[in-house]
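# Fold and contact review
These are the residues of each chain, in order.
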Amino acid sequence: MKAWQNSHKYAPEKGRFFTWILNIARNASIDQIRSKAHKESQKTTDVDARHDLGCSRDQEKINNANYVSRFLPKLSAKRCEVIDLLFLQEYTHKEAAEFLNIPIGTLKSRSREGLSHLRQLMLV
């Protein structure tokens, strides 16, 4: 509707028609997201629906952890320990480094190497 109402403002020498109409749609979307009505509708989302979303995310997280944990024994013990702490037990890098009593750089290297090896194992 906005494109039709403002069609007299289109100037071909300034750019393509597609770009002009795309910007109108983009700006209308941004206006809608920033509007009070949209923000109010987000606040009144059903509490049960939010709970269900959380449960499905938790279940997905558990499924992913179960899948990944099948491949962990194929990693070296040090890499396996790091991957377990960071991704399955959700430690921060700092917490995991302190727990293992190793420098954070060493932890990150083991994590990178472990993830790379895991990726190779999963793709085979």
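For the structure given in this document, a descriptive report is provided here. (Residues numbered from 1 in each chain as written. Predicted model: local features only at pLDDT ≥ 70, side-chain atom pairs only at ≥ 80, totals over all residues. Heavy atoms only, no water.)

### A closer look at the side chain of Ser111
- Structurally, the position occupied by Ser111 is in helix α7 (residues 104-123).
- Since its relative accessible area comes to 5%, Ser111 is described here as buried.
- Aside from chain neighbours lying at most four places away, what touches Ser111 is Val82, Ile83, Leu86 and Phe87. (Helix = DSSP H or I, 4+ residues; strand = E, 2+ residues; numbered from the N terminus. Buried < 20%, exposed > 50% of the residue type's maximum accessible area, 1.4 Å probe, protein only. Contact = heavy atoms within 4.5 Å.)

### Some details on the nonpolar core
- Counting residues in hydrophobic clusters, the biggest one holds eight residues: Val82, Leu85, Leu86, Ala96, Ala97, Leu100, Ile102 and Leu107.
- Every element with two or more residues in this core is listed here: α5 (77-88) and α6 (93-100).
- If we ignore the near neighbours within four places in the chain, the residues touching Leu107 are Val82, Leu86, His93, Ala96, Ala97, Leu100 and Ile102. (Core = buried A, V, L, I, M, F, W, Y, C linked by side-chain atoms within 4.5 Å.)

### Notes on the environment of Trp4
- Mapped onto the secondary structure, Trp4 falls in helix α1 (residues 2-5).
- Along the sequence, Trp4 and Ile21 sit 17 residues apart, while their C-alpha atoms lie 9.8 Å from each other.

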